[in-house]
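Coordinate inspection notes
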Amino acid sequence: MRSKKTSILLVAVMFVTVFAVGIPEERNVTAEGTETMIFEDDFESYAVGTFPSSGGWELIYNGKGTQYQKVVDTESVSGSQSLQLWGRPRWAATAQKELTFESEVIGFEVYIKTGSHSGTIENTGVAAFYNEEAAPWGLGFGLVLFRDNGEIHAVQGFGPNTTFLQTYEPDVWYKVKVILDKTVETYDVWIDDVQVAQDVIIWDTHLIEGIRIGSGHSGMYSFFDDVKVFEVITESPQEAIEDVMDDIEEMNLPKGLECSLLSKLENAIKSLDKGNDNAAMNKIEAFINEVEAQRGKKLTDAQADELIAAAEEILAMIN
Ligand SMILES: [Ca+2]
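Residues numbered from 1 in each chain as written. Predicted model: local features only at pLDDT ≥ 70, side-chain atom pairs only at ≥ 80, totals over all residues.

Helix and strand counts for the chain come out as 5 helices and 16 strands. Expressed as a percentage of the 319 residues in the chain, the buried residues total 35%. Within the chain, contacts between residues at least 6 apart in sequence are counted, and of these 64% link residues at least 24 apart. (Helix = DSSP H or I, 4+ residues; strand = E, 2+ residues; numbered from the N terminus. Buried ≥ 20, exposed ≤ 12 C-beta atoms within 10 Å, placed from the backbone. Contact = placed C-beta atoms within 7 Å.)

Dropping the structure here:
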């Protein structure tokens with residue numbers, strides 16, 4: 001009996017954990033704004049030894065040979081699989097995924113691991129936003145290059161000038177993150193969650209139509225896992241609160257409750273306009289408490305969840 005209870009509890013805890021972890025993956029609030037995922041691939045869904053075409057990836061250049069550009073189960077960050085890309089001297093191996101972006105601020109994340117250094121400045125692992133058609137060999141935007149000399153670089157414009165970011169060790173996974181702002185034509189880079197470049201200058205970013213990962217001319221294998229592409233919504237907390245107010249008006253709630261919820265949010269906007277972030281956060285906390293108190297009464301669970309999730313995102317934006 002005791003073990004049965006324990007296992008029921010365990011299942012419940014697992015459910016809550018999975019559920020709780022699932023949501024922030026879709027929408028991640030950071031100092032840059034709210035990140036909304038538009039594409040992700042952990043390479044777990046493909047047969048080992050195949051190229052992940054069924055996930056929308058195209059093999060643009062086949063490097064050392066098409067048979068080397070494949071999902072493997074010998075290396076991984078998530079699960080048991082990753083994508084191997086393997087270039088050769090003067091012929092890269094590159095995989096591209098076409099995407100459509102609506103936001104002016106976009107980003108990607110990818111784990112990269114490459115082999116030992118031979119000391120040249122040829123690229124081993126590469127990740128970037130891309131346009132395949134705009135130039136004979138395509139154009140990369142927000143490029144992050146792992147070079148065969150053990151250095152990681154960002155690229156200004158389309159090169160040849162680069163910015164040294166840091167060194168790397170062979171056969172170690174690195175988490176690369178880029179956020180690119182089309183309105184000012186710059187990008188920022190993080191390696192293992194540490195910001196290593198800010199406002200690297202690029203141009204013609206309106207041409208971006210996808211993401212590319214690859215192994216350059218060094219002839220060294222590279223592995224890629226957990227590719228994520230996201231859009232960053234950079235609205236102000238005030239704008240985000242106005243969106244929640246619109247949602248409340250669409251819920252057709254009893255008038256008294258609607259007025260009470262809206263007035264708390266209106267007051268939060270007034271506090272933010274005055275620069276009083278603490279007062280604004282207090283008002284949003286009061287809003288959350290009122291929503292919680294009406295859960296299962298004048299608000300359905302789904303409505304309460306939606307409003308609280310939105311309010312918590314706004315708190316994270318202000319904080
Ligand atoms: Ca994986």
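From this point, the narrative continues.
Let us now look at the pairing of strand 9 (residues 139-147). With 9 of its 9 residues buried, strand 9 lies for the most part within the structure. Across 6 bridges, the pairing between strand 8 (residues 123-131) and strand 9 is antiparallel. Within the sheet, the bridge partner assigned to N131 lies in strand 9 and is L139. Direction of pairing for strand 9 relative to strand 10 (residues 151-155): antiparallel, over a ladder of 3 bridges. Across the sheet, residue V144 finds its bridge partner in strand 10, namely A154. With antiparallel pairing between neighbouring strands as the criterion, strand 9 and strand 10 make up a hairpin whose turn holds 3 residues, including G150 at a positive phi of roughly 85°. (Pairing = 2+ DSSP bridges.)

Here we come to the packing of helix 3 (residues 255-273) against helix 4 (residues 277-293). Contact pair helix 3 / helix 4: the axes reach a minimum separation of 7 Å and the direction vectors enclose 165°. The pairing of helix 3 with helix 4 is recorded here as roughly antiparallel in orientation. By crossing handedness, the relation of helix 3 to helix 4 is classed as left-handed. Between helix 3 and helix 4, the contacting residues are S260, L261, K264, L265, N267, A268, S271 and L272 on the first element and D277, A279, A280, K283, I284, A286, F287 and E290 on the second. For the contact of helix 3 with helix 4, the per-class residue count stands at 9 nonpolar, 3 polar and 4 charged. (Axes fitted to C-alpha atoms, helices over the stretch in contact; angles between N-to-C directions. Parallel < 35°, antiparallel > 145°, perpendicular 65-115°, else oblique. Left-handed = near helix turned anticlockwise from the far one by under 90°. Nonpolar A, V, L, I, M, F, W, Y, C, P; charged D, E, K, R; others polar.)

Packing of helix 2 (residues 237-250) against helix 3 leaves a shortest axis separation of 10 Å and a crossing angle of 170°. Relative to helix 3, the element helix 2 lies roughly antiparallel. Contacts from P237, Q238, I241, V244, M245 and I248 of helix 2 reach helix 3 at E258, L261, L262, L265, A268, I269 and L272. Split by residue class, the contact of helix 2 with helix 3 holds 11 nonpolar, 1 polar and 1 charged.

Counted at 1.5 Å a residue, the expected span for helix 4 with its 17 residues is 24 Å, and the 24 Å between its end C-alpha atoms agrees. Turning to helix 4, its buried residues are A280, K283, I284, F287 and V291. One face of helix 4 carries all of its buried residues, which in axial projection span an arc of 100°. Of the exposed residues in helix 4, those oriented more than 90 degrees away from the buried face are N278, N289 and A293. Buried residues in helix 4 make contact with helix 3 and helix 5 (301-318). (Expected span 1.5 Å × (residues − 1). Arc of directions from axis to C-beta.)

Moving on, we get to the sheet that holds strand 11 (residues 162-167). The pairing of strands in a sheet comes from backbone hydrogen bonds and takes either a parallel or an antiparallel form. If you trace the 7 strands from one edge of the open sheet to the other, you get 3-6-15-8-9-10-11, paired in antiparallel fashion. At either margin of the open sheet sits one strand with a lone partner, and together these are strand 3 (57-62) and strand 11. The sheet shows a mean angle of 20° between the axes of neighbouring strands, direction not considered. As defined by bridge partners, strand 10 adjoins strand 11 across 5 bridges and the pair is classed as antiparallel. When the bridges of strand 11 are listed, V155 appears paired with T162.

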